[in-house]
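Residue strings, one per chain:
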Amino acid sequence: MSAANYQKVTFILSAASVKQLPLDEGIEVAFVGRSNAGKSSALNALTNQKKLAKISKTPGRTQLINLFALTEDKRLVDLPGYGFAKVPEEIKRKWQLLLDTYLKNRHCLQGLILLMDIRHPMQTFDRQMIEWAAFADLPIHILLTKADKLSKGARNNALFTVQKELKILPGKLSVQLFSSQEQIGREELIAHLDSWFDFE
Ligand code: GDP
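A. Spotlight on the overall build of the protein chain. Helix and strand counts for the protein chain come out as six helices and seven strands. In the protein chain, the succession of helices and strands from N to C terminus is β-β-α-α-β-β-α-β-α-β-α-β-α. Relative to its length of 200 residues, the protein chain is compact, with a C-alpha radius of gyration of 16 Å against a globular reference of 16 Å. Expressed as lengths along the three principal axes of its C-alpha atoms, the size of the protein chain is roughly 45 × 40 × 30 Å. For the protein chain, long-range pairs separated by at least 24 residues make up 73% of all intrachain contacts whose partners lie at least 6 apart in sequence. As displayed, the protein chain offers around 10,300 Å² of accessible surface, 51% of which is attributable to carbon and sulfur atoms.

B. Here's a closer look at the site of the ligand. Inspection of the region around the ligand gives 14 residues, with Asn-36, Lys-39, Ser-40, Ser-41 and Asp-148 positioned closest. Within the backbone of Lys-39, one N or O atom sits 2.8 Å away from an oxygen atom of the ligand. Examining the composition of the shell around the ligand, we find that three residues originate from one element, helix α1 (residues 39-47), more than from any other. Residue composition of the shell around the ligand, grouped by class: one nonpolar, eight polar and five charged.

C. Region of the structure containing the pattern of salt bridges. Summed over all chains, the structure comprises seven salt bridges. For Asp-137, the salt bridge is made with Lys-172, and the minimal N-O distance between the two is 3.6 Å. Taken together, the residues span a long stretch of sequence, with Asp-137 in the loop between α4 (124-136) and β6 (140-145) and Lys-172 in the loop between α5 (152-167) and β7 (173-177) at a distance of 35 residues. Residue class for Asp-137 comes out exposed when judged on its relative accessible area of 55%. On the basis of relative accessible area, Lys-172 is assigned to the partly exposed category, the value being 48%.

D. Spatial organisation of the environment of Trp-95. With respect to the secondary-structure elements, Trp-95 resides in helix α3 (residues 89-105). A residue is classified by how much of its surface remains accessible, and Trp-95, at 5% relative accessible area, is buried. With 15 residues separating them along the chain, Trp-95 and Pro-80 place their C-alpha atoms 7.0 Å apart.

E. Broad picture of helix α6 (residues 186-197). Taking 1.5 Å of rise per residue, twelve residues should cover 16 Å, and α6 covers 16 Å from first to last C-alpha, within 8% of that figure. In the segment just after α6, Asp-198 is the residue with positive phi, at about 65 degrees.

F. Region of the structure containing the pairing of β6. The element β6 is extensively covered by neighbouring structure, given that six of its six residues are classed as buried. Burial along β6 is two-sided: the face carrying Ile-140, Ile-142 and Leu-144 and the face carrying His-141, Leu-143 and Thr-145 are both buried. Taken together, the six bridges between strand β5 (residues 109-117) and β6 define a ladder with parallel strand orientation. Along β6, the bridge assignment pairs Leu-115 with Leu-143.

G. Seen up close, the environment of Ala-53. By secondary structure assignment, the location of Ala-53 is in helix α2 (residues 50-57). Along the sequence, Ala-53 and Lys-39 sit 14 residues apart, while their C-alpha atoms lie 8.5 Å from each other. Residues within four places of Ala-53 in sequence aside, it is in contact with Ser-40 and Asn-44.

H. A look at unusual backbone geometry. Phi is positive for Met-122, close to 55 degrees, though the residue is something other than glycine. With respect to the helices and strands, Met-122 occurs in the loop between β5 and α4. One non-glycine residue, Asp-137, lies in the positive phi region at around 60 degrees.

I. Representation of the nonpolar core. Grouped together as the largest cluster of nonpolar side chains are 35 residues, with contacts concentrated most on Leu-79 and Leu-112. Those elements giving two or more residues to this core turn out to be β2 (27-33), β3 (65-71), α3, β5, α4, β6, α5 and β7. Top contributing element to this core by residue count: α4, with five residues. When near neighbours in sequence (up to four residues on either side) are disregarded, Leu-79 contacts Ala-30, Phe-31, Val-32, Lys-39, Leu-64, Ile-65, Leu-99, Tyr-102, Leu-103 and Leu-112. Of all hydrophobic cores here, the second largest spans 25 residues; its members include Tyr-6, Ala-42, Leu-76 and Ile-113.

Thresholds applied
Residues numbered from 1 in each chain as written. Predicted model: local features only at pLDDT ≥ 70, side-chain atom pairs only at ≥ 80, totals over all residues. Heavy atoms only, no water. Helix = DSSP H or I, 4+ residues; strand = E, 2+ residues; numbered from the N terminus. Rg over C-alpha atoms; globule rule 2.2 N^0.38 Å. Contact = heavy atoms within 4.5 Å. Areas by Shrake-Rupley, 256 points an atom, 1.4 Å probe, with all protein chains shown as cover. Near = heavy atom within 4 Å. Polar contact = N/O pair within 3.5 Å; in protein donor to acceptor, adjacent residues only side chain to side chain. Nonpolar A, V, L, I, M, F, W, Y, C, P; charged D, E, K, R; others polar. Salt bridge = Lys/Arg side-chain N within 4 Å of Asp/Glu carboxyl O. Buried < 20%, exposed > 50% of the residue type's maximum accessible area, 1.4 Å probe, protein only. Expected span 1.5 Å × (residues − 1). Pairing = 2+ DSSP bridges. Core = buried A, V, L, I, M, F, W, Y, C linked by side-chain atoms within 4.5 Å.

Distances and angles like these do not, on their own, reveal function.
The following block contains the structure:
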C-alpha cells in the first residue's frame, strides 16, 4: 500500500457530456455523494493536494465530471455533487442525466466511493446509488465522512448501524469511518483503492 500512488495526481479535464471523456480504457474509480458530504475534502486528503478540490469547486465545474490521472491508465473521477436545493429543476435534470449516462456506460469504471456525512447516512440518493450499483454489479465502498464530529463511541455506533443495514442489501458493499480533518481512515481508503486500481 502506498500513499504515493495518489499524490502524483494530475488534472485531465472537466467533461460536460460523456462524449468528452477520455477513451473508455484502463481503470476509473469514481467519487460520488450528496453535495456537502465532504467529497472535495476527501479527495484533497487522499491526494494531499489542495488543487483537486479547487478545480472541482471552480464555478461552472461543480456540475461536470472532473477527471484526474494517477498513471497513464488509472483515473480518479469526481462526479457532480448531488442535491443542491437551490438549483433549478432543469439543471438538476442535466446533472442526473450526466451521472446516469456515465454510470451506465463506462466499462472502465471499477467501483464507486460513496460519501455520506456520518450524521446523516443512507439518505434517498445514497440508497438509489446502492440499488443501482447492485443492478450494475459494481462494488461500492462507503466513507462515513466528518467522523471527527462525533465521539468515538457514537462514531462506532454509526458504523455498526450502517454495516448492519448493508448486510441485508444486495451488492458488493463495504463501509469505513473517514475524516479529512483528523486524518481518520485514510490508510484504509488507500488500501481499498489500491485493490481496485491493481496497485502493488
Ligand atoms: P463536497 O460538497 O462534498 O465537496 O464537500 P466539501 O469537501 O466541500 O465539505 C463540505 C463542508 O464540510 C465544508 O465546510 C468542509 O469544511 C466540511 N468538512 C469536510 N470534511 C470534513 C471533515 O472531515 N471534518 C469536518 N469537521 N468537517 C469537514
